[in-house]
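The residues making up each chain are set out below.
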Amino acid sequence: MQHSPRTQFSPATVIERLNPAYFALVMATGIVSIAGKIHGLNAVAIILFGVNVVCYGGLWVVMVLRAALYPRSFLSDISDHARGPGFFTWVAGTGVLGAQFVLVVPIPSVALGLWMLTVLLWLVVIYSVFAALSVKQSKPRLEEGISGGWLVAIVATQSVSLLSSRVAGLVAAQQDYMMFLALVSWLFGGMLYIWIISLIFYRYTFLKFTANDLSPPYWINMGAMAISTLSGDLLIRGASTNPVLRGLLPYLQGMTLLFWATGSWWIPLLVILGVWRYLIKRFPFEYDPLYWGMVFPLGMYSVCTRELADVMHFPFLHGISRSFLYVALLAWGITFLAWLRQALFPTLIAVIRNIVNFRTFLP
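Residues numbered from 1 in each chain as written. Predicted model: local features only at pLDDT ≥ 70, side-chain atom pairs only at ≥ 80, totals over all residues. Heavy atoms only, no water.

## Some words on the overall build of the protein chain
Working step 1: The helix and strand inventory of the protein chain stands at 15 helices and 0 strands.
Working step 2: Against the 2.2 N^0.38 benchmark of 21 Å for 363 residues, the protein chain shows a C-alpha radius of gyration of 20 Å, consistent with a compact globule.
Working step 3: Taken along its principal axes, the extent of the C-alpha atoms in the protein chain is 75 × 50 × 40 Å.
Working step 4: Going through the 363 residues of the protein chain one by one, you find that 51% of them count as buried.
Working step 5: Long-range pairs, those at least 24 residues apart, make up 80% of the contacts in the protein chain with a sequence separation of at least 6.
Working step 6: Accessible surface for the protein chain amounts to roughly 16,800 Å². Of this, 70% is attributable to carbon and sulfur atoms.
Working step 7: Between the averaged position of the 22 positive side-chain charges in the protein chain and that of its 12 negative side-chain charges there is a distance of 7 Å. (Helix = DSSP H or I, 4+ residues; strand = E, 2+ residues; numbered from the N terminus. Rg over C-alpha atoms; globule rule 2.2 N^0.38 Å. Buried < 20%, exposed > 50% of the residue type's maximum accessible area, 1.4 Å probe, protein only. Contact = heavy atoms within 4.5 Å. Areas by Shrake-Rupley, 256 points an atom, 1.4 Å probe, with all protein chains shown as cover. Lys, Arg positive; Asp, Glu negative; His and termini not counted. Charge placed at Lys NZ, Arg CZ, Asp CG, Glu CD.)

## Some points on a nonpolar patch on the surface
Working step 1: A contiguous nonpolar surface patch, about 320 Å² in accessible area, is contributed by Leu187, Val244, Leu248 and Tyr251.
Working step 2: Judged by its relative accessible area of 31%, Leu248 is partly exposed. (Patch = residues over 30% accessible without salt bridge, like charges linked within 9 Å, V, L, I, M, F, W, Y side chains within 5 Å. Salt bridge = Lys/Arg side-chain N within 4 Å of Asp/Glu carboxyl O.)

## Observations regarding the nonpolar core
Working step 1: Counting residues in each nonpolar core, the largest one holds 112 residues, and the members touching the most others are Leu151, Tyr204, Trp292, Phe296 and Trp339.
Working step 2: Residues within four places of Leu151 in sequence aside, it is in contact with Tyr193, Ile196, Ile197, Ile200, Ile220, Asn221 and Ala224. (Core = buried A, V, L, I, M, F, W, Y, C linked by side-chain atoms within 4.5 Å.)

## Concerning the packing of helix α3 (residues 24-38) against helix α14 (residues 292-311)
Working step 1: One way to put it is that α3 packs onto α14 with a least axis distance of 8 Å and a crossing angle of 30°. By the criterion of interaxial angle, the relationship of α3 to α14 is roughly parallel. As α3 packs across α14, the resulting crossing turns out to be left-handed. For the pair formed by α3 and α14, the contact residues are Ala24, Leu25, Met27, Ala28, Ile31, Val32, Ile34, Ala35 and Ile38 on the first element and Trp292, Gly293, Val295, Phe296, Gly299, Met300, Ser302, Val303 and Arg306 on the second.
Working step 2: Grouping the amino acids of the contact of α3 with α14 by side-chain chemistry returns 14 nonpolar, 3 polar and 1 charged. (Axes fitted to C-alpha atoms, helices over the stretch in contact; angles between N-to-C directions. Parallel < 35°, antiparallel > 145°, perpendicular 65-115°, else oblique. Left-handed = near helix turned anticlockwise from the far one by under 90°. Nonpolar A, V, L, I, M, F, W, Y, C, P; charged D, E, K, R; others polar.)

## Overview of the pattern of salt bridges
Working step 1: For the structure on display, the rule yields 6 salt bridges.
Working step 2: Ionic pairing is found between Asp77 and Arg66, a salt bridge with its closest N-O pair at 2.7 Å. Of this pair, Asp77 sits in helix α5 (residues 71-78) while Arg66 is found in helix α4 (residues 42-69), placing the two residues 11 residues apart along the sequence. We note that Asp77, like Arg66, is buried.
Working step 3: A salt bridge links Glu143 to Arg141, with the shortest nitrogen-to-oxygen separation between them at 3.6 Å.
Working step 4: For Glu143, a relative accessible area of 24% puts it in the partly exposed group.
Working step 5: Taking relative accessible area as the criterion, Arg141 reaches 51% and is therefore assigned exposed.
Working step 6: Several salt bridges converge on common partners, so that one network encompasses Arg66, Asp77 and Arg83.

## Some words on the side chain of Ser159
Working step 1: Turning to its location among the elements, Ser159 is positioned in helix α9 (residues 152-167).
Working step 2: For Ser159, a relative accessible area of 1% translates into the label buried.
Working step 3: Residues in contact with Ser159, not counting those within four places in the same chain, are Val91, Ala92, Gly95, Thr118 and Ile227.

## Re the confidence of the model for the protein chain
Working step 1: Chain-level pLDDT for the protein chain is 90 on average; 91% of the residues reach the 70-or-more range.
Working step 2: Across residues 1-8 the pLDDT falls below 50, and counting only partners more than four positions away or on other chains, this stretch makes 5 contacts in the model. (pLDDT = per-residue confidence, 0-100.)

Okay, here's the thing in structure tokens:
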């Protein structure tokens, strides 16, 4: 649907139509910050950490306003096959920010608080969204309802595993329980990927596919495997102190390598499809919050490959990890500038104009 510029940038309209997947901005910024940290780019990591804290707080304010002012629109998104999975970015964004408070700016109390919020959000979102979609009477056809955005459910689940492993050492008395949660979350995330990717792969190869259908979240095909790899890497590290994980070590190593191999396989195909979409079909590049769903997998692949190289003793993978860091930084910069130019600045200008116009009517 096309909107006039005035309607499009009305603050009220922006809030009402805000995509619940906007927390992908936090996911992408957080993981690129962590990638910078592990590769020694401390200044980049700190700057992106500051940006992420501001964005995370701002998004919560706007999302709460949307729920309070436009409850019907907000609730309808939960049972929407296209927008409903976007709520999983709330979980993943919180988990990635929590990892930043462990690795980039260590503040244990904040990290633990974000871990608890991540687990709570996961429980609320996964059962609310899947229950709402299950009981919904009017449902779209598969090619209209499924997309790579559905795989954010796996990213959210693995973020619970990831942050549980990260903060387990902060609470020694409950360390075994937290590592158990990390393990079962990792296992369920892998199973959930099998369920959803089967539908997506079927949609790719047997149903009509257009350039408009190839939305940026299809990069989550790879990103979900990248975060599953990283979660597995941390479980392998935890095996040195946890007897349960130690007994599962060969399985953990095999499945983690399987996840990395699967994620790596997706990259050339996604690049080819991107060339087909933008160069052959000449699909226009316009800012969409879903583009953050393309930045996140690039940063996550850099981090998971570095961790895999360390825990599996594959030093030759370090170069791949660093290369993807630079690709992720470039993608983040382009998307961030597009967001400022096409979304944030016009909205702020509209807010200022409304304030000025309101004051002209004051006595």
